[in-house]
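# Survey of secondary and tertiary structure
Below, each chain spelled out in residue letters.
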Amino acid sequence: MLKSIKSWLPATSIVSLLVLYSISCKHHPDEIIPPVSQCDTTNITYPGDVLPVLQAYCYGCHTGNNPSAGIDLSNPEHLKAVVNNGRLAGSLLHHADYTAMPEGTTLPQCALRQIVLWAQDTIFPDGNCDSVNVTFAGTIRPMLLLNCQGCHNSTKQAGGLDLSDYLTVAMLAGNGQLMGSVEHLAGYSPMPKYGKKLSDCDLGKLRKWIADTTFVNPPGGIPCNPDTVYFEMDLLPVFLSACAKSGCHDGSDEEAPRLTDYNTIMNAGVKPGNPGGSKIYKVLVTTNLEDRMPYPQGSPPLPDDQIAMISKWISQGAQNLHCDNQPCDSTNVTFSGTVWPIIQNNCYGCHSGSNPGGGILLKDYATVAAAAQAGKLYGSIAYLSGYARMPKNGNQLSQCNIRQVKKWIDLGMPAK
Ligand code: HEC
Ligand code: HEC
Ligand code: HEC
């Protein structure tokens, strides 16, 4: 600790040293920020002293759907994170390692003193901790955004690291540096730098995510980014199973445009960057049931997550991107989280409704389990001899997906 303070001192001001103290250990308030006359700091409360200041000076930029720096100060979880990791105090005190806040000015001295003291003294309980349903997009990325990206982003790459880049995070997770630094293990720089250690809940989530993910990086391949929609891998199977069934958009009906590959789908009315202006999207979400796809009228709409994926793909420029190395979690396989999404995206369109392919229904747990029990599910996706190869007319499922389905069958097809 002492060594790190010393090596850090020359470049920084007294104020920064005081911030370090205020965050890392309890100190007399006057050391953090000098007393101000007529400023009551004896009984600082959130509703009475802190909230009004945040509302007046910060909410303008730090609330709403797209808050600055991804920090919504009206969201208790976000406030808790920036208090705990020191970003709130660091930015208000205009510490060199943080962006000075509020933008363009300094808080009135009394308000500043009250908030910094409040941040120092407040201990947030951990509350409900869901460390079971951990995903990169829903759990880990928001955590990194709040706690780490202030210093580790694409422009400010502290230590040469951009933690808004999935591949960097995956690399650090795979080689042990991520957990080493956040768990403050010997041999690693403790992170978040100058802040408090992450909560036990957050640490548990990180551990779980790393344990569940296989970080594969064979040389030469293009690694998959979980934020990107890949046409062949993610989207084409949906079109093939939901739209390109025989007699529909498979080229056999002159009035129905063919939707069997990238070019035919692009020709069917895709405006890159503009889902709302793209015919292929509009027909999925229109409230006019006569026009809505899939046909025939009365068919259920596409599942929400498939519609969302199509919209995201168009927003991302409707490109024909591909990748090779998808992290594959085949250890923690469930029906709802693993197997059903595979079936829904690749098979459901042909294997639901009143005339399912081969007479085989794959529309819920019971029907999928029945096909698995009969050996047909695995036989068809693994291309075993004696079975029709599925998905029909499409590429074989990824090796990862096949392994996951097999794992689920081997586990006795749990319904969860
Ligand atoms: C005019 C808009 C605006 C106002 C007002 C504003 N902020 Fe910010 N804030 C930003 C922007 C933009 C960033 C991101 C800056 C960057 O990434 O360089 C930011 C970043 C931050 C950060 C992260 C800083 C870091 O370096 O990690 C914190 C914490 C923060 N603001 C807190 C506050 C607080 C507290 C207030 C009120 C006292 C406030 N902000 C008022 C626009 C604003
Ligand atoms: C206030 C700025 C700041 C914040 C916030 C921050 N870092 Fe860092 N980080 C640094 C700096 C600077 C370095 C370079 C090493 C050093 O100076 O200690 C670094 C280095 C690292 C390293 C390499 C450490 C090693 O020993 O190999 C990792 C991994 C890392 N940070 C992860 C994180 C994570 C994860 C978070 C959020 C939980 C985080 N950092 C938050 C500034 C920061
Ligand atoms: C484009 C429509 C289409 C898609 C997509 C599709 N199937 Fe099929 N499936 C059929 C048809 C049609 C048959 C009847 C056999 C044939 O025509 O080859 C069939 C037959 C089957 C059979 C029986 C195979 C046998 O040999 O007994 C299984 C099991 C099956 N499909 C599973 C799947 C699975 C699992 C997926 C997704 C990974 C899938 N299907 C995707 C149309 C489809």
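A quick note: this is a predicted structure, and the numbers were derived from the prediction, not measured. (Residues numbered from 1 in each chain as written. Chains lettered and ligands numbered in written order. Predicted model: local features only at pLDDT ≥ 70, side-chain atom pairs only at ≥ 80, totals over all residues.)

## Quick notes on the overall build of the protein chain
Secondary structure summary: the protein chain contains 19 helices and zero strands in total. Partitioning the intrachain contacts of the protein chain with sequence separation of at least 6 by distance along the chain shows that 62% fall at a separation of at least 24. (Helix = DSSP H or I, 4+ residues; strand = E, 2+ residues; numbered from the N terminus. Contact = placed C-beta atoms within 7 Å.)

## Details of the site of ligand 1
Taken together, 20 residues form the shell around ligand 1, and within it C58, C61, S68, P102 and G150 come nearest. Looking at the shell around ligand 1 element by element, the count peaks at four residues for helix 6 (residues 87-92). The class makeup of the residues in the shell around ligand 1 is 12 nonpolar, six polar and two charged. (Near = placed C-beta within 6 Å. Nonpolar A, V, L, I, M, F, W, Y, C, P; charged D, E, K, R; others polar.)

## Quick look at the site of ligand 3
The environment of ligand 3 is formed by 24 residues, the closest being C347, C350, G357, G358 and M390. Listing elements by their share of the shell around ligand 3, those giving two or more residues are helix 12 (231-242) and helix 18 (376-381). For the shell around ligand 3, the element with the most residues is helix 18, which contributes four residues. The residue inventory of the shell around ligand 3, partitioned by class, reads 13 nonpolar, eight polar and three charged. Each of two domains, domain 3 (231-315) and domain 4 (335-410), supplies a minimum of three residues to the shell around ligand 3. (Domains from an automatic or database assignment.)

## Digging into the nonpolar core
Nonpolar side chains tend to gather and get buried jointly when the protein is soluble and globular. Counting residues in hydrophobic clusters, the biggest one holds 37 residues, and the most contacted among them are V82, L92, I115 and V116. Residue assignment for this core shows that the elements contributing at least two residues are helix 4 (46-57), helix 5 (76-84), helix 6, helix 7 (109-121), helix 8 (136-147), helix 9 (166-174), helix 10 (177-182) and helix 11 (200-212). For this core, the domains that each give at least three residues are domain 1 (2-121) and domain 2 (136-212). Contact partners of V82, with chain neighbours within four places excluded, come to I71, R87, L88 and L146. (Core = buried A, V, L, I, M, F, W, Y, C linked by C-beta atoms within 7 Å. Buried ≥ 20, exposed ≤ 12 C-beta atoms within 10 Å, placed from the backbone.)

## What to know about the packing of helix 8 against helix 11
Interaxial distance between helix 8 and helix 11 falls to 11 Å at its minimum, and their mutual angle equals 130°. In terms of orientation, helix 8 and helix 11 fall into the oblique class. Judged by the sense of rotation from one axis to the other, the crossing of helix 8 with helix 11 is left-handed. Mapping the contact onto sequence places F136, T139, I140 and M143 in helix 8 and D202, K205, L206 and W209 in helix 11. (Axes fitted to C-alpha atoms, helices over the stretch in contact; angles between N-to-C directions. Parallel < 35°, antiparallel > 145°, perpendicular 65-115°, else oblique. Left-handed = near helix turned anticlockwise from the far one by under 90°.)

## Some points on helix 4
Three or more residues of helix 4 are buried, namely V50, V53 and Y57. Down the axis of helix 4, the buried side of the element spans an arc of 65°, and every buried residue falls inside it. Every exposed residue of helix 4 that faces more than 90 degrees away from the buried side is listed here: P47, G48, P52 and A56. Here the buried face of helix 4 lies against helix 7. (Arc of directions from axis to C-beta.)

## Quick word on unusual backbone geometry
Cis geometry marks the peptide bond from M101 to P102, where omega comes out at -10°. Residues M390 and P391 are joined by a peptide bond in cis, for which omega reads -5°. Its location among the elements puts P391 in the loop between helix 18 and helix 19 (399-410). Positive phi, close to 50°, is recorded for A318, a residue that is not glycine. Accessibility expressed as a C-beta count within 10 Å gives 23 for A318, which makes it buried. The backbone of Y383 sits at a positive phi, close to 60°, despite the residue not being glycine. Counting through the fold element by element, Y383 comes out in the loop between helix 18 and helix 19.

## Quick notes on helix 11
With 13 residues, helix 11 ought to run about 18 Å at 1.5 Å a step, and its terminal C-alpha atoms sit 18 Å apart, in line with that. Along helix 11, the positions that sit buried rather than exposed are D202, K205, L206 and W209. In an axial view of helix 11, the angular spread of the buried residues amounts to 100°, which keeps them on one side of the axis. More than 90 degrees from the buried face of helix 11, the exposed residues found are D200 and A211. (Expected span 1.5 Å × (residues − 1).)

## Examining the packing of helix 12 against helix 15 (residues 304-315)
In the contact formed by helix 12 and helix 15, the axes pass within 11 Å of each other and the chain directions differ by 125°. Judged by the inter-axis angle, helix 12 sits oblique to helix 15. Crossing handedness for the pair helix 12 and helix 15: left-handed. Residues D234, L235 and V238 of helix 12 form the contact with helix 15, whose participating residues are Q306, M309, I310 and W313. Its residues assigned to classes, the contact of helix 12 with helix 15 comprises five nonpolar, one polar and one charged.

## Overview of the confidence of the model for the protein chain
For the protein chain, the average pLDDT comes to 83, and 89% of its residues sit at 70 or higher. Taken element by element, the protein chain is modelled with least confidence in helix 1 (residues 2-8), mean pLDDT 31, and with most confidence in helix 17 (residues 365-373), mean pLDDT 97. Counting contacts from residues 1-28, a segment whose pLDDT is below 50, to residues more than four positions away or on other chains yields 28 contacts. (pLDDT = per-residue confidence, 0-100.)

## Considerations on the environment of L93
Structurally, the position occupied by L93 is in the loop between helix 6 and helix 7. Note on L93: 24 C-beta atoms within 10 Å, which makes it buried. Sequence spacing of L93 and T106 is 13 residues, and the spatial spacing of their C-alpha atoms is 8.2 Å.

## Observations concerning the environment of W118
Following the sequence through the fold, W118 ends up in helix 7. Given 19 C-beta atoms within a 10 Å radius, W118 is considered partly exposed. Residues W118 and Y46, 72 residues apart in the sequence, show an inter-C-alpha distance of 7.8 Å. In contact with W118, other than residues within four places in its own chain, are I44, D49 and V50.

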